[in-house]
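Results of the structural survey
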Amino acid sequence: MEEQLKQLEQEALAKIEAAATLKELNDVRVAYLGKKGPITDLLKGMGKLSAEERPKMGALVNTVREKVTAVLEEKVTVLEEAAIAEKLASESIDVTLPGREIKVGNRHPLTRVIEEIEDLFIGMGYEIAEGPEVEKDYYNFEALNLPKGHPARDMQDSFYISEEILLRTHTSPVQARTMEEKKGESIRIICPGKVFRRDNDDATHSHQFMQIEGLVIGENIRMSDLKGTLDTLAKKMFGADREIRLRPSFFPFTEPSVEMDISCFKCGGSGCNVCKGTGWIEILGAGMVHPNVLEMAGYDPKKVSGFAFGIGAERIAMLKYGVDDIRHFYTSDTRFLSQFERTEA
């Protein structure tokens, strides 16, 4: 048995030396040290030896096994290091190559317009007010001098959830709620937000859009205050050389009511395709708050007055950035959005 052990040791060490890969080395380990290997078989046969031979042979078998195991582990380390070195050599990185560009997101053009208007009015002492997009019919219409059955409701046909609940058609309900909460106090707010109307989507219409409304209530608020505010807005958004004009109009919640136009920023008023040859571009609607609206909110129209205006963010963005289709704002087309790369320092 002693001769057999020496022979097994020599064979195992020779095959370990000859192994060129980790797989070949593992095959040697299984062949000689595995459960069915010859060294294990020798250990199992120790019971057949005499009591005198058993300790000597047991110690010899363990010595051979430990030696083969040690040499095997050393070879594993050598082969692993060689494999790592080979992989590093074949997958080397050229650190002189330029890095990959990381795309940085940017603000949506509508967000730009809304934030620009918010900054302007916050600087003028206004607060930003918000309200629910799913609104009660009372706040959306009735509190704004539009009782049930009023024909002017047809201009703002919306999506009704029930007879008394709908998706708001404008942000005016925020004004009504704010007036109700203030209980006769002075107000100076703007109300940006999403609104919904049952409209056929085309280049200039959408069933949903962003609206920004403003409301001022207090003592001695006059039409001249409204005009000055709108003139400041027009110059901020379209340039200091813009002029405005107010035309008579009708809105149930204001009296008197006006439409505001600005002088065409493309032709300067001489007439072009943008202003359709008129020299003016319609921008927004406004007016003095109707006495009925003030009374329903708890204000005394004999003591206080106010003005309100409403403007579409898409309308401003289309004119400001030369966008020809409102649907571009909602399709998430990166080819369109990439035109508005950040220019801030």
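Residues numbered from 1 in each chain as written. Predicted model: local features only at pLDDT ≥ 70, side-chain atom pairs only at ≥ 80, totals over all residues. Heavy atoms only, no water.

Here is the rule we go by: UniProt positions are given in the numbering used here, feature names are shortened, and annotations may be inferred rather than shown by experiment.
In the annotation of an unreviewed UniProt entry, the entry for the protein reads Phenylalanine--tRNA ligase alpha subunit, and the organism field reads Lysinibacillus pakistanensis. What UniProt states about the protein under its Catalytic activity (unreviewed entry) heading is, verbatim, "tRNA(Phe) + L-phenylalanine + ATP = L-phenylalanyl-tRNA(Phe) + AMP + diphosphate + H(+)". The UniProt entry for the protein carries the following text under Sequence similarities (unreviewed entry): "Belongs to the class-II aminoacyl-tRNA synthetase family. Phe-tRNA synthetase alpha subunit type 1 subfamily."

Observations regarding the sheet that holds strand β4 (residues 187-196)
The line we're drawing: The rule for pairing is simple: two strands pair if DSSP sees at least two bridges between them. Put simply, DSSP H or I for four residues or longer makes a helix, DSSP E for two residues or longer makes a strand, and each gets a number counted from the N terminus.
One open sheet accounts for seven strands, arranged β1-β4-β5-β9-β8-β7-β6; its pairing is mixed. The sheet is open, and its two edges are formed by β1 (127-128) and β6 (244-251), each paired on a single side. The pairing of β1 with β4 spans two bridges and is classified as parallel. Note that in β4 the partner of E127 across the bridge is I189.

A few points about the UniProt feature "binding site: Mg(2+)" (unreviewed entry) in the protein
The line we're drawing: Two residues form a contact once any of their heavy atoms are found within 4.5 Å.
Residues given the UniProt feature "binding site: Mg(2+)" (unreviewed entry) here are E255. Those residues in contact with E255, other than ones at most four positions away along the chain, are M288, V289 and H290.

Details of the side chain of R153
Spelled out, the test is: Whenever two N or O atoms come within 3.5 Å, that pair is a polar contact, provided that in protein one can donate a hydrogen and the other can accept it, and provided that, for residues adjacent in sequence, both atoms are side-chain atoms.
Along the chain, R153 turns up in the loop between α6 (137-140) and β3 (165-167). Separated by 3.0 Å, the side chain of R153 and the backbone oxygen of L146 make a polar contact. Among all residues touching R153, those that are not within four sequence positions of it are D137, F141, E142, L146, P147, K148 and Y160.

Remarks on the layout of surface pockets
How we decide: With a 1 Å grid laid over protein atoms only, a set of points is called a cavity when a 1.4 Å probe fits there but cannot get out and a pocket when it is open yet has protein on both sides within 12 Å along at least five of seven lines; lining residues have an atom within 4 Å of a point. Grid points are joined across faces, edges and corners, and a volume is the space filled by probe spheres set on the points. When residues are sorted by character, Ala, Val, Leu, Ile, Met, Phe, Trp, Tyr, Cys and Pro go into the nonpolar class, Asp, Glu, Lys and Arg into the charged class, and all the rest, Gly among them, into the polar class.
Put simply, the largest pocket is a space of about 1,400 Å³. In terms of lining, the largest pocket is formed by 47 residues, of which the most central are R197, F209, E282, I283 and G312. At the level of elements, α7 (172-182), β5 (208-218), β6, β7 (254-263), β8 (280-289), β9 (305-312) and α10 (313-321) are the ones that each hand at least two residues to the lining of the largest pocket. Looking at the lining of the largest pocket, the element that brings in the most residues is β8, giving seven residues. Partitioned by chemical class, the residues of the lining of the largest pocket number 24 nonpolar, 14 polar and nine charged.

Overview of the packing of helix α5 (residues 109-123) against α10
Inclusion rule: Orientation is described by lines fitted to C-alpha atoms, with helices fitted over the stretch in contact, and by angles between N-to-C directions that extend from 0 to 180 degrees. Each angle receives one of four descriptions, namely roughly parallel if under 35 degrees, roughly antiparallel if over 145, roughly perpendicular if within 65 to 115, and oblique otherwise.
One can describe the packing of α5 onto α10 by two numbers: an axis separation of 9 Å at closest approach and a directional angle of 105 degrees. Comparing the axis directions of α5 and α10 gives the class roughly perpendicular. Two secondary-structure elements touch here, α5 through P109, L110, R112, V113, I114 and E116 and α10 through A313, E314, I316, A317, K320 and Y321. Counted by class, the contact of α5 with α10 contains eight nonpolar, no polar and four charged residues.

Some remarks on empty space enclosed by the protein
Unfilled space is identified by rolling a water-sized probe across the atoms. Counted under the stated rule, the structure contains two cavities of 30 Å³ or more. Looking at the largest cavity, its volume works out to about 60 Å³. Lining the largest cavity are Y138, Y139, A143, A176, M179, E180, V293, M296 and A297. Secondary structure elements with two or more residues in the lining of the largest cavity: α6, α7 and α9 (291-296). Of the residues forming the lining of the largest cavity, the biggest block, three residues, is contributed by α7. In terms of residue class, the lining of the largest cavity is made up of eight nonpolar, no polar and one charged.

A closer look at unusual backbone geometry
For clarity, the cut-off: Note on classification: 1.4 Å probe, protein chains only; a residue is buried when its accessible area is under 20% of the maximum for its type, exposed when over 50%, partly exposed between these limits.
Note that the residue after E255, namely P256, is joined by a cis bond; omega there is 0 degrees. Considering the arrangement of structural elements, one finds P256 in strand β7. With phi around 70 degrees, N145 is a residue other than glycine that occupies positive phi space. Note on N145: relative accessible area 17%, which makes it buried.

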